[in-house]
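# Observations on the three-dimensional arrangement
The lines below spell out each chain.
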Amino acid sequence: TRFPRGDSTQPEKIMSRKTVHVVPASQGGHVVPASQGGWNVKSGGADRAAAHFDLKVDATERRRSISQNQRAELLIHNRNGRFAQSDSHGADPFPPKG
């Protein structure tokens, strides 16, 4: 804690600067239904799946691990292909207060 010039009763908050690599949502990870059945784990913008799972929970667990490591967005789709859920893993440009 440092004190601002001329005032020794009010401590100055020192904020640390940390560079965070932000991955845009379009480049985040997706859990999508596979055409042949089961679930695919894909990276944003990729044509091919990185992995295939029979169960959605297994695909989500794998993609969540990757998204946390990459500090990226996780987008989970329903069986019909629509977004069902999304999770951000540390790359929020404006995290909520409180």
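Now for a look at the structure at hand. (Residues numbered from 1 in each chain as written. Predicted model: local features only at pLDDT ≥ 70, side-chain atom pairs only at ≥ 80, totals over all residues. Heavy atoms only, no water.)

## Considerations on the overall build of the protein
Along the backbone of the protein there are 1 helix and 5 strands. From first element to last, N terminus to C terminus, the protein shows the α and β order β-β-β-α-β-β. Taking all 98 residues of the protein together, the buried fraction comes to 27%. For the protein, the share of sequence-separated contacts (at least 6 apart) that also reach a separation of at least 24 residues comes to 29%. Carbon and sulfur atoms provide 49% of the accessible area of the protein, an area that totals close to 7500 Å². (Helix = DSSP H or I, 4+ residues; strand = E, 2+ residues; numbered from the N terminus. Buried < 20%, exposed > 50% of the residue type's maximum accessible area, 1.4 Å probe, protein only. Contact = heavy atoms within 4.5 Å. Areas by Shrake-Rupley, 256 points an atom, 1.4 Å probe, with all protein chains shown as cover.)

## Details of the pairing of strand β5 (residues 83-88)
Pairing of strand β4 (residues 73-77) with β5, which is carried by 5 bridges, proceeds in the antiparallel orientation. What sits directly across from leucine 74, in β5, is aspartate 87. Counting the residues that bridge the hairpin from β4 to β5 gives 5 residues, and of these glycine 81 lies at a positive phi of roughly 95°. (Pairing = 2+ DSSP bridges.)

## Some remarks on the environment of asparagine 40
Along the polypeptide, asparagine 40 turns up in strand β2 (residues 39-43). Separated by 16 residues in the primary sequence, asparagine 40 and lysine 56 have C-alpha atoms spaced 8.5 Å apart. When sequence neighbours within four positions are dropped, the list of residues in contact with asparagine 40 reads His30, Val31, Val32, Ala34, Ala49, Ala51 and His52. Side-chain polar atoms of asparagine 40 contact the side chain of histidine 52, separated by 2.8 Å. (Polar contact = N/O pair within 3.5 Å; in protein donor to acceptor, adjacent residues only side chain to side chain.)

## Quick look at the sheet that holds strand β3 (residues 51-53)
Adjacent strands of a sheet form backbone hydrogen bonds with each other and so pair up, either parallel or antiparallel. If you trace the 5 strands from one edge of the open sheet to the other, you get β3-β2-β1-β4-β5, paired in mixed fashion. The open sheet terminates on both sides in strands that have one partner only, identified here as β3 and β5. Along the sheet, successive strands turn relative to each other by an average axial angle of 20°, direction set aside. Sheet topology note: the β2/β3 ladder contains 3 bridges and is antiparallel. Counted as the bridge partner of valine 41 is alanine 51 from β3. Across the sheet, helix α1 (residues 56-70) is in contact with β1 (29-33), β2, β3, β4 and β5; its angle to β4 comes to roughly 165°. (Axes fitted to C-alpha atoms, helices over the stretch in contact; angles between N-to-C directions.)

## Topic: the nonpolar core
In this structure, Val31, Trp39, Val41, Ala59, Leu74 and Ile76 together form the largest nonpolar core, which totals 6 residues. Listed by contribution, the elements that provide at least two residues to this core are β2 and β4. (Core = buried A, V, L, I, M, F, W, Y, C linked by side-chain atoms within 4.5 Å.)

## Considering α1
Here α1 is 15 residues long and its end C-alpha atoms lie 21 Å apart, about the 21 Å a rise of 1.5 Å per residue gives. On the buried face of α1, the contacting elements are β1, β2, β3 and β4. (Expected span 1.5 Å × (residues − 1).)

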